[in-house]
Amino acid sequence: MHSKLLSVILMATMVAGESIYDFKVNDIKGNPVHLNDYKGKALLILNTASQCGHTDAHLKALKRLHEILSYENRFEILAFPCNDFGEQEPWEATEIEEFVKSHHKCEFPLMEKVKITGENANPLWKYIIKTTQVSPTWNFQKYLFDSNGKFVKSWDANTSIESIFDDIKAVVDRVPVKETASDSEEANKIEL
Ligand SMILES: *[C@@H]1O[C@H](CO)[C@@H](O)[C@H](O)[C@H]1NC(C)=O
């Protein structure tokens, strides 16, 4: 009886298919990153470019957004440099990293430069575009996922981070707070 129930559940899970947590990408240094590591956090996934009219405003606001919402480990931003739109990300990894991390001082994870359109698009991006049915038309297409990996909403480059702050915060506020090992270590240190 139990094993029958279990196999029904397993089959339902398999039919439900993939989620964003099934994908692996590389970070800007080429180290593998498993999306599964972000399970339990609200995620803002976007394509970035260093030489777009929207670059400065977006990177400044994303930096602030990350500072405000990521402190309880309930939110993360995954930024994917991409040259698909207007060839506005022509740089190599080291230059992109220098620009985003050192110049703009963004602390959210910066991924490897990817293609997000066409046949050779990164598999995670293919999956996101297929399942959300929102195709990016330019740089800085933002996709918000809740802490179960469920797609919430997407906004294009013309939508500022400031104007979607409340939508993002509402999703982050619903993520249960969980104490991590490093948090309790921090707390112990502070107490001592
Ligand atoms: C942003 O707005 C401009 C001006 O209205 C428009 O030409 C452009 O296509 C829009 N960008 C996106 C990504 O929709």
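The preceding data block contains the structure.
Remember, predicted model here, so these are calculated numbers, not experimental data.

### Side note on the packing of aromatic side chains
- Under the definition given, this model contains seven aromatic pairs.
- Note on Phe-23 and Tyr-127: the rings are 5.1 Å apart at their centroids and 40° apart in plane angle, and the pair reads as tilted. Of this pair, Phe-23 sits in the loop between helix 1 (2-16) and strand 1 (24-26) while Tyr-127 sits in helix 4 (residues 123-132); the two residues are 104 residues apart in sequence, bridging distant segments of the chain. Assigned by exposure class, Phe-23 and Tyr-127 land together as buried.
- Ring plane angle 75° and centroid distance 5.4 Å describe the contact between Trp-91 and Phe-99, whose orientation is recorded as edge-to-face.
- Members of the aromatic cluster, joined through ring pairs, are Phe-80, Trp-125, Tyr-143, Phe-145 and Phe-151.

### Things to note about the environment of Ile-28
- With respect to the helices, strands and loops of the structure, Ile-28 is situated in the loop between strand 1 and strand 2 (32-34).
- Classification of Ile-28 as buried rests on a relative accessible area of 8%.
- For Ile-28 and Thr-94, which are 66 residues apart along the polypeptide, the C-alpha to C-alpha distance reads 8.0 Å.
- The residues touching Ile-28, leaving out its near neighbours within four places in the chain, are Pro-81, Ala-93, Ile-96, Glu-97, Leu-110, Met-111 and Glu-112.

### A few points about the side chain of Thr-55
- Here Thr-55 is to be found in helix 2 (residues 55-69).
- Polar contacts involving the side chain of Thr-55 include one to the main-chain amide nitrogen of Cys-52, which spans 2.9 Å.
- Excluding its chain neighbours within four sequence positions, the residues that come into contact with Thr-55 are Ala-49, Ser-50, Phe-99 and Phe-140.

### Some details on the pairing of strand 4 (residues 75-81)
- For strand 4, a buried count of seven out of seven residues is recorded, marking the element as mostly surrounded by other parts of the structure.
- Of the two faces of strand 4, both are covered, the one formed by Phe-75, Ile-77, Ala-79 and Pro-81 as well as the one formed by Glu-76, Leu-78 and Phe-80.
- As paired strands, strand 3 (residues 42-48) and strand 4 are joined by seven bridges and run parallel to one another. Looking across to strand 4, one finds that Asn-47 is bridged to Phe-80.
- For the crossover that starts at strand 3, traverses helix 2 and ends in the parallel strand 4, the hand is right-handed.

### Digging into the sheet that holds strand 4
- One open sheet accounts for four strands, arranged 4-3-5-6; its pairing is mixed. On the outer flanks of this sheet lie strand 4 and strand 6 (151-155), each paired with one strand and no other. Mean inter-strand twist for the sheet, computed between neighbouring axes without regard to direction, equals 15°.
- The strands touched by helix 4 within the sheet are strand 3, strand 4, strand 5 (142-145) and strand 6, with strand 5 carrying the most contacts at an inclination of about 80°.

The rules behind the values
- Residues numbered from 1 in each chain as written.
- Predicted model: local features only at pLDDT ≥ 70, side-chain atom pairs only at ≥ 80, totals over all residues.
- Heavy atoms only, no water.
- Phe/Tyr/Trp six-rings, centres within 6.5 Å; stacked < 30°, edge-to-face > 60°.
- Helix = DSSP H or I, 4+ residues; strand = E, 2+ residues; numbered from the N terminus.
- Buried < 20%, exposed > 50% of the residue type's maximum accessible area, 1.4 Å probe, protein only.
- Contact = heavy atoms within 4.5 Å.
- Polar contact = N/O pair within 3.5 Å; in protein donor to acceptor, adjacent residues only side chain to side chain.
- Pairing = 2+ DSSP bridges.
- Right-handed = clockwise from strand over helix to strand, strands pointing away.
- Axes fitted to C-alpha atoms, helices over the stretch in contact; angles between N-to-C directions.

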